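Here are the chains, one letter per residue:
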Amino acid sequence: MGIAGLISALFLFFLSGFLIVKFIDRRGELGLGVLPRLGAAFMLGLGAVSLQMFFYSVISIRFSPFGIALPWVAITIILFLTPLGKGSQKTEALPSKSGIGAFQIVLTALIALQVIYAFIYTSLMPINGWDAWAIWFLKAKAFFVDKGVEQLFFENYGNSHIDYPLMIPLSAAWIYTAVGSINEFAAKALYPLQYASMLLIFYYVVSRLADRQFAILFTFLLSLTPIVMVHGAGFPVKVSVLYMGDYTGYADLPLAIYFLGAASFFYLYMLEGRMPFLILATLFFAVGAWTKNEGLTFALLGAVAMLAFIISEKKPLAKPLILITAVLILFIAPWSIYKAHYHYTSEYAGNLSLQVLASNFSRLGTIFSSFLKYMFAAIGLYNFTWWLFFASLALNARSIFTKPMIFVNFLLFAQIGIYIFVYMISPSDINWHIATSIDRLLLHMAPLAMLVSAANINMFLRNFSGSKAAQVSPQ
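Calculation rules
- Residues numbered from 1 in each chain as written.
- Predicted model: local features only at pLDDT ≥ 70, side-chain atom pairs only at ≥ 80, totals over all residues.
- Heavy atoms only, no water.
- Helix = DSSP H or I, 4+ residues; strand = E, 2+ residues; numbered from the N terminus.
- Rg over C-alpha atoms; globule rule 2.2 N^0.38 Å.
- Contact = heavy atoms within 4.5 Å.
- Areas by Shrake-Rupley, 256 points an atom, 1.4 Å probe, with all protein chains shown as cover.
- Core = buried A, V, L, I, M, F, W, Y, C linked by side-chain atoms within 4.5 Å.
- Buried < 20%, exposed > 50% of the residue type's maximum accessible area, 1.4 Å probe, protein only.
- Axes fitted to C-alpha atoms, helices over the stretch in contact; angles between N-to-C directions.
- Parallel < 35°, antiparallel > 145°, perpendicular 65-115°, else oblique.
- Left-handed = near helix turned anticlockwise from the far one by under 90°.
- Expected span 1.5 Å × (residues − 1).
- Bend = angle between axes of the 7 residues up to and from the residue.
- Phe/Tyr/Trp six-rings, centres within 6.5 Å; stacked < 30°, edge-to-face > 60°.
- Polar contact = N/O pair within 3.5 Å; in protein donor to acceptor, adjacent residues only side chain to side chain.
- Patch = residues over 30% accessible without salt bridge, like charges linked within 9 Å, V, L, I, M, F, W, Y side chains within 5 Å.
- Salt bridge = Lys/Arg side-chain N within 4 Å of Asp/Glu carboxyl O.
- Nonpolar A, V, L, I, M, F, W, Y, C, P; charged D, E, K, R; others polar.

Asks: Teacher, can you tell me more about the overall build of the protein here?
Replies: In terms of regular secondary structure, the protein is built from 22 helices and zero strands. Whereas a compact globule of 475 residues would reach a radius of gyration of roughly 23 Å, the protein reaches 22 Å, a difference of no more than 12%. Excluding contacts between residues fewer than 6 apart, the proportion of contacts in the protein whose partners are at least 24 apart in sequence is 79%. Accessible surface, the protein: about 19,300 Å² in total, of which carbon and sulfur atoms supply 72%.

Dropping the structure here:
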């Protein structure tokens with residue numbers, strides 16, 4: 001099936017996600033352009049198709065191209081050939097922006113070159129990263145061979161992160177199923193598409209806050225962040241303190257994108273009050289929890305933040321509460337129940353006690369110094385992302401205590417706090433654990449940190465000039 005199978009597999013991710021976005025934004029009020037809509041659709045499609053495949057496994061439906069594609073094709077036909085898909089589409093445009101100048105053209109071209117490089121390099125190099133081999137893609141191969149998620153596989157797999165969620169392995173298994181064979185180069189196409197989707201989502205959100213030139217500048221800065229490209233495509237040489245230059249095939253880049261999408265759509269909801277933004281935010285929180293265990297804590301923090309904001313605004317709570325609960329349960333409960341049934345637990349479960357926390361208190365110095373070292377000294381990984389983030393907090397000091405910024409910063413700092421807690425209870429040698437994971441934990445937060453930096457600097461410039469033209473008016 002080859003190329004045709006790969007194209008059909010990727011198309012299904014876009015199609016399923018597009019249908020979800022279309023259902024959420026039926027009136028077109030969010031002003032999502034074609035490209036940002038595709039970026040959001042691809043990331044949501046990964047979650048939707050992989051969850052569908054897990055449900056198939058639970059009810060013993062074998063994986064097949066026809067069986068997996070059929071529901072989405074049927075929904076498409078219903079949506080576009082019946083009155084259900086022909087409701088009012090008033091597509092609300094964004095406020096007028098400044099024209100396109102030479103500066104914007106140059107930056108856009110450079111961003112495009114980064115994306116082109118990601119696609120070319122990914123198609124040339126095999127999987128290199130150990131976790132990609134031993135965790136994510138090994139499971140994908142087994143699911144393809146078994147035509148489903150089989151408990152027998154986990155019995156023989158060992159204890160190497162047996163509790164990890166299955167979004168990435170099932171997404172790769174869908175590509176193998178559509179292609180008709182295990183083809184790692186085909187499955188690697190997921191990663192430059194994730195990289196491009198991240199940039200499109202990021203640009204859309206910042207352009208909602210500021211003018212086009214400002215949005216393109218910060219999108220360009222994000223596109224140049226080395227740790228992002230290391231996971232989105234890879235480099236032929238070792239990068240900074242990392243032991244190699246290619247981490248394609250991990251789950252950390254998609255998790256970072258879900259964190260970015262969840263927090264930024266929530267931020268737009270707080271600014272504009274549009275319900276579709278809240279729904280999109282909830283979906284990104286939920287799919288993040290289906291991607292890695294770290295996403296579960298972020299989703300729970302997100303639920304708390306969203307509900308707290310709604311309560312603080314004295315808005316009706318019942319409908320958002322039902323929505324948030326239902327979406328999170330949809331993506332979190334199936335795998336959680338499956339794990340509980342077969343007793344798949346994390347290596348941290350036995351260390352969740354005050355006694356362990358107290359006995360490891362001496363680790364705090366090592367943990368904090370490591371975070372500071374990677375944030376501020378590992379320029380080869382993060383450029384000046386974290387320098388810019390903290391500088392923007394200082395610049396925008398007069399506005400960072402506005403409600404939207406409080407909640408977004410809460411999500412970022414609380415998640416880092418969770419990571420510190422995990423290091424405190426880790427059963428592994430703390431120096432080894434930090435050395436092999438902290439770069440990826442900070443990757444999870446880096447796109448969001450860049451988004452917060454853009455929002456802070458935009459607010460500072462508006463306050464400095466006394467202009468509010470860059471801000472989209474709340475609904």
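Anyway, onward from the coordinates.
Asks: Help me understand the nonpolar core in this model?
Replies: Within the largest apolar cluster, 176 residues are counted, with the highest numbers of intra-cluster contacts made by Phe 154, Phe 265, Phe 266 and Trp 386. For this core, the leading source of residues is helix 12 (residues 252-272), giving 16 residues. Residues contacting Trp 386, with those up to four places away along its chain left out, are Met 375, Phe 376, Leu 412, Ile 416, Leu 442, Met 445, Ala 446 and Ala 449.

Asks: Before we go on, may I ask you to explain the packing of helix 13 (residues 275-289) against helix 14 (residues 293-312) in this structure?
Replies: Packed helix pairs are specified by the crossing angle of their axes together with the interaxial distance, meaning the distance between the axes. At a minimum axis separation of 7 Å, helix 13 and helix 14 run at an interaxial angle of 155°. Classified by the interaxial angle, the pair formed by helix 13 and helix 14 is roughly antiparallel. Considering how the two elements wind past one another, helix 13 and helix 14 form a crossing that is left-handed. Every residue of helix 14 that contacts helix 13 at Leu 278, Ala 281, Thr 282, Phe 285, Gly 288 and Ala 289 is listed here: Gly 295, Leu 296, Phe 298, Ala 299, Gly 302, Met 306 and Ile 310.

Asks: Teacher, can you tell me more about helix 5 (residues 130-146) here?
Replies: For the α-helix, the turn length of 3.6 residues means that residues three or four positions removed from each other point alike. An ideal rise of 1.5 Å per residue puts 24 Å on 17 residues; helix 5 measures up with 23 Å between its terminal C-alpha atoms. The largest bend in helix 5 is about 40°, located at Phe 137. With respect to burial, helix 5 is a largely interior element, twelve of its 17 residues being buried. Within helix 5, burial applies to Asp 131, Ala 132, Ala 134, Ile 135, Trp 136, Phe 137, Lys 139, Ala 140, Lys 141, Ala 142, Phe 143 and Phe 144.

Asks: Even after reading the chapter, I still don't get unusual backbone geometry, so can you show me in this structure?
Replies: Note: most peptide bonds trans; most residues except glycine with negative phi. One non-glycine residue with positive phi stands out, namely Lys 147, at about 55°. Within the element layout of this structure, Lys 147 appears in the loop between helix 5 and helix 6 (151-157). Its identity as a non-glycine residue notwithstanding, Ser 240 has a phi of 50°, on the positive side.

Asks: Please explain the packing of aromatic side chains as it appears in this structure.
Replies: Aromatic rings in a pair are described by how distant their centres are and how their planes are angled relative to each other. Throughout the structure, instances matching the rule amount to 39 aromatic pairs. When the centroid spacing of 6.0 Å and the interplanar angle of 45° are considered together, the rings of Phe 154 and Trp 335 count as tilted. With a gap of 181 residues between them, Phe 154 in helix 6 and Trp 335 in helix 15 (residues 318-342) connect regions that are remote in the sequence. Comparing Phe 154 with Trp 335 shows no difference in burial state: the two are buried. Ring geometry for Tyr 269 versus Phe 309: centroids 6.0 Å apart, planes at 75°, classification edge-to-face. Taken together, the residues Tyr 269 in helix 12 and Phe 309 in helix 14 connect sequence positions 40 residues apart. Summarising the burial analysis for this pair, Tyr 269 and Phe 309 share the class buried.

Asks: How should I be thinking about the side chain of Gln 415 in this particular structure?
Replies: Examined against the element boundaries, Gln 415 turns out to sit in helix 20 (residues 403-425). Polar contacts involving the side chain of Gln 415 include one to the side chain of Thr 297, which spans 3.2 Å. If we ignore the near neighbours within four places in the chain, the residues touching Gln 415 are Phe 259, Glu 294, Thr 297, Phe 298, Leu 301, Phe 410 and Met 445.

Asks: Is there a simple way to explain helix 3 (residues 65-81) in this structure?
Replies: For helix 3, spanning 17 residues, the distance from its first C-alpha to its last is 23 Å, which sits close to the expected 24 Å at 1.5 Å a residue. Pro 71 marks the point of greatest bend in helix 3, at about 30°.

Asks: Would you take a moment to explain a nonpolar patch on the surface for this structure?
Replies: Together, Val 106, Leu 110, Leu 113, Ile 116, Ile 120 and Leu 124 give the surface a local cluster of nonpolar side chains, amounting to about 550 Å² of exposed area. Here Leu 113 is to be found in helix 4 (residues 102-124). A residue is classified by how much of its surface remains accessible, and Leu 113, at 52% relative accessible area, is exposed.

Asks: Sorry, what's going on with the environment of Ile 120 here?
Replies: Within the secondary structure, Ile 120 is located in helix 4. Along the chain, Ile 120 and Gly 101 lie 19 residues apart, while their C-alpha atoms are 29 Å from each other.

Asks: Hey, could you run me through the packing of helix 2 (residues 34-58) against helix 7 (residues 167-179) in this one?
Replies: Packing of helix 2 against helix 7 leaves a shortest axis separation of 9 Å and a crossing angle of 85°. Considered as vectors, helix 2 and helix 7 are oriented roughly perpendicular to each other. Residues Leu 46, Gly 47, Val 49, Ser 50, Met 53 and Phe 54 of helix 2 pack against Met 167, Leu 170, Ser 171, Ala 173 and Trp 174 of helix 7. Here the residues of the contact of helix 2 with helix 7 are counted per class, giving eight nonpolar, three polar and no charged.

Asks: Looking at this structure, how should I read the pattern of salt bridges?
Replies: Side chains that differ in charge, positive against negative, can pair when their charged atoms come close. Applying the stated rule across the entire model yields eleven salt bridges. Arg 62 is the partner of Glu 150 in a salt bridge, and the nearest nitrogen-oxygen pair spans 2.7 Å. With a gap of 88 residues between them, Glu 150 in the loop between helix 5 and helix 6 and Arg 62 in the loop between helix 2 and helix 3 connect regions that are remote in the sequence. With a relative accessible area of 27%, Glu 150 lands in the partly exposed category. Classification of Arg 62 as partly exposed rests on a relative accessible area of 35%.

Asks: Explain the side chain of Thr 177 here, please?
Replies: Along the polypeptide, Thr 177 turns up in helix 7. A relative accessible area of 8% places Thr 177 in the buried class. A distance of 2.7 Å separates a polar atom in the side chain of Thr 177 from the backbone oxygen of Ala 173.

Asks: Before we go on, may I ask you to explain the environment of Val 106 in this structure?
Replies: Note that Val 106 resides in helix 4. Taking the C-alpha atoms as reference points, Val 106 and Ile 216, 110 residues apart in sequence, are found 10.0 Å from one another.

Asks: In this structure, what is going on with the environment of Gly 101? I would like to understand it.
Replies: Relative to the helices and strands, Gly 101 is located in the loop between helix 3 and helix 4. A relative accessible area of 25% places Gly 101 in the partly exposed class.

From the geometry alone we can't say anything about function, so treat these as descriptive.
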